[in-house]
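If you want the building blocks of each chain, they are given just below.
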Amino acid sequence: MYNASDLRKGLKIQIDNEPYIITVFEFSKPGKGQALYRCKLKNMISGISIERTYRSVDNFHPVSLDERKMQYLYEQDNEYCFMDTENYEQVFLNHEQIGDAHNFMTDNIDVVILFFEERPIDLTLPNFVDLTVTKADPWVKGDSVSGDSKPVTLETGYTLRVPPFIEEGGKITIDTRTGEYVTRVKT
Amino acid sequence: MSHESRHNQDQYPVRLRKEQLWLRANLIQAIRAFFIDRQYLEVETPSLIAAPAPESHIDSIEAGNLYLQSSPELLMKQLVAAGYNKIFQICRCFRKNERGRLHLPEFTMLEWYHAGIDYKALMEECEDLLFTLAKALGKEQKIHYQGQTIDLERPWERISVRQAFARYSSITPEKAITEDCFDQIMVTMIEPHMGITKPTFLYDYPAPLGSLARLKPGENDLAERFELYMAGIELANGFSELVDPEEQEKRFKKDREERTRSGKINYPMPEKFLLALKDMPDTAGIALGVDRLIMILGNRGLIDDVVCFTPDELQENSRS
């Protein structure tokens, strides 16, 4: 159990059996008055934010999360399917839960799925993934107009700017945390 | 996992707090100069005390059989009662579980008592003090704090608690107390308007929130208590001191009952203080948070930025 004095930004607590993370926290206390713990909390499943003010007598259940290594299988109607390769159990995350991660997911990629009381709620990608460039303008040597980068489209539909020497059909490494180009993959 | 700041903004590392720590040192000297110039006696009362004032919402830190002072109030008043008419003290105070953008569990308090004056005269002395300090530190009369400009030109704004509730909320202070939302209204609706263009004295609190202040002669539903605000930040709390031992004992008992009701422990009753109170002349007294004053004069948003080390920075083996 946490009590009110444990509350701080980043702490995860349960409200009505749902996991929440504190995104904004402010401790207020008029000198002679009661302590007020003002929180903005984000529901870790729905992503919806709420505001709550707690007092020093309040206490909270911590959120316990399990992580399982799984493999991404396919996407259908905005549902993303993942499989535990040991017991072949399959789970689904929806588009909101996946967020920007779909930009970096190719079939059979290994990911970590986060579970709250047996319910899958989030995923973590490998920090670096290799993706194929499906669309890129050819590089014209001496072209100074386009500067030192150009836009390309990857197999996932993600677009980003890369150095001009990257060509269509080639593979590049992306940092999934920033969404930025890291290096060309030598084939 | 990404770095998580305790607050919604990041604190400066200690090596980048030089300007604030110099400001602190100079401010302390300037405070001393102000009071010595006015013939105040600087005192040092013990920080380890036997009986903290029974306050409904202030918890003391235990130290052996004693407590670290949450305020030097009771012992300083015993000095006033013993014939010391004008005294001041700059000391550390300790309050359990108080930690936030404006709170540290260990902080620096300036407290002073002036026998023979009331809270209105004390407000003026407060104006003189801060005006003099700002000047001594080479600050302009207009203080720039976090995008706001606060003019120290005297007189400052004065607004009663009743007026403030009428202007900024839709409830009376009395009703707010009955519905147990006085502090919430204060924090969310009143305080953000206090001390914005000029410092503000918020005064005449409802009697049940009188603490150790005397009731207003002729208006017994009010207590002669005030708070000083700058930029929405509570800077000081002052009283025309209550010098009636019976009334004080009654209030202490009420506070102790409230502590019991909310599951808090009670400290020994300050009997020596109550005994001394019968010899205490009419006096005005005030406590001012020095760290917060440094924040305002040094234009810093976090109390962390104006001390050498925060409690978080003292933690060994901190979890990443």
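Everything numeric here is computed off the predicted structure, so don't read it as measured data.

**Some words on the overall build of chain B**
Check the secondary structure of chain B and you find ten helices and 14 strands. Relative to the 2.2 N^0.38 estimate, which gives 20 Å for 320 residues, the radius of gyration of chain B is 19 Å and therefore close to what a compact globule would have. Projected onto the principal axes, the alpha-carbon positions of chain B cover approximately 55 × 45 × 45 Å. Taking all 320 residues of chain B together, 53% fall into the buried category. Once local pairs closer than 6 in sequence are excluded, the contacts in chain B between residues at least 24 apart make up 69%. About 14,900 Å² of surface is accessible on chain B, with carbon and sulfur atoms providing 50% of the total.

**Details of the side chain of B:Glu241**
Residue and element names in this part refer to chain B. For Glu241, the position within the fold is in the loop between β13 (233-240) and α7 (245-261). Taking relative accessible area as the criterion, Glu241 reaches 1% and is therefore assigned buried. Among residues more than four places away in sequence, those in contact with Glu241 are Glu73, Lys77, Tyr113, Leu212, Arg214, Met280, Thr283, Ala284 and Gly285.

**Regarding the domain arrangement of chain A**
Residue and element names in this part refer to chain A. Parsing chain A into structural domains produces domain 1 (2-62), domain 2 (65-124) and domain 3 (128-184). Each partner contributes to the interface: domain 1 provides seven residues, whereas domain 2 provides six residues. The contact between domain 1 and domain 2 buries some 570 Å² in all, and 63% of this surface belongs to carbon and sulfur atoms. The largest per-residue losses of area from domain 1 upon contact with domain 2 belong to Pro19, Met44 and Ile45, which jointly make up 64% of the total buried on that side. Between Glu18 and Arg119 there is a salt bridge, and its shortest N-O distance comes to 3.4 Å. Where domain 1 touches domain 2, the interface holds one residue pair in polar contact (both at pLDDT 80 or more). Residues belonging to the side of domain 1 that touches domain 2 are distributed by class as follows: three nonpolar, two polar and two charged.

**Here we look at the interface of chain A and chain B**
You'll often see interface size given as the accessible area lost when the parts meet. Of the residues lining the interface, 24 residues belong to chain A; the matching set on chain B comes to 31 residues. For the pair chain A and chain B, the summed buried surface comes to about 2,300 Å²; carbon and sulfur atoms form 46% of the total. When the buried area of chain A at its contact with chain B is split by residue, A:Lys9, A:Phe27 and A:Lys32 rank highest and sum to 30% of it. Put simply, chain A and chain B have four salt bridges between them. Elements supplying a minimum of two residues to the side of chain A that touches chain B: β3 (18-28), β4 (36-43) and β5 (49-55) of chain A. Partitioned by chemical class, the residues of the side of chain A that touches chain B number seven nonpolar, nine polar and eight charged.

Criteria and thresholds
Residues numbered from 1 in each chain as written. Chains lettered and ligands numbered in written order. Predicted model: local features only at pLDDT ≥ 70, side-chain atom pairs only at ≥ 80, totals over all residues. Heavy atoms only, no water. Helix = DSSP H or I, 4+ residues; strand = E, 2+ residues; numbered from the N terminus. Rg over C-alpha atoms; globule rule 2.2 N^0.38 Å. Buried < 20%, exposed > 50% of the residue type's maximum accessible area, 1.4 Å probe, protein only. Contact = heavy atoms within 4.5 Å. Areas by Shrake-Rupley, 256 points an atom, 1.4 Å probe, with all protein chains shown as cover. Domains from an automatic or database assignment. Buried area = accessible area lost by both parts, 1.4 Å probe. Salt bridge = Lys/Arg side-chain N within 4 Å of Asp/Glu carboxyl O. Polar contact = N/O pair within 3.5 Å; in protein donor to acceptor, adjacent residues only side chain to side chain. Nonpolar A, V, L, I, M, F, W, Y, C, P; charged D, E, K, R; others polar.

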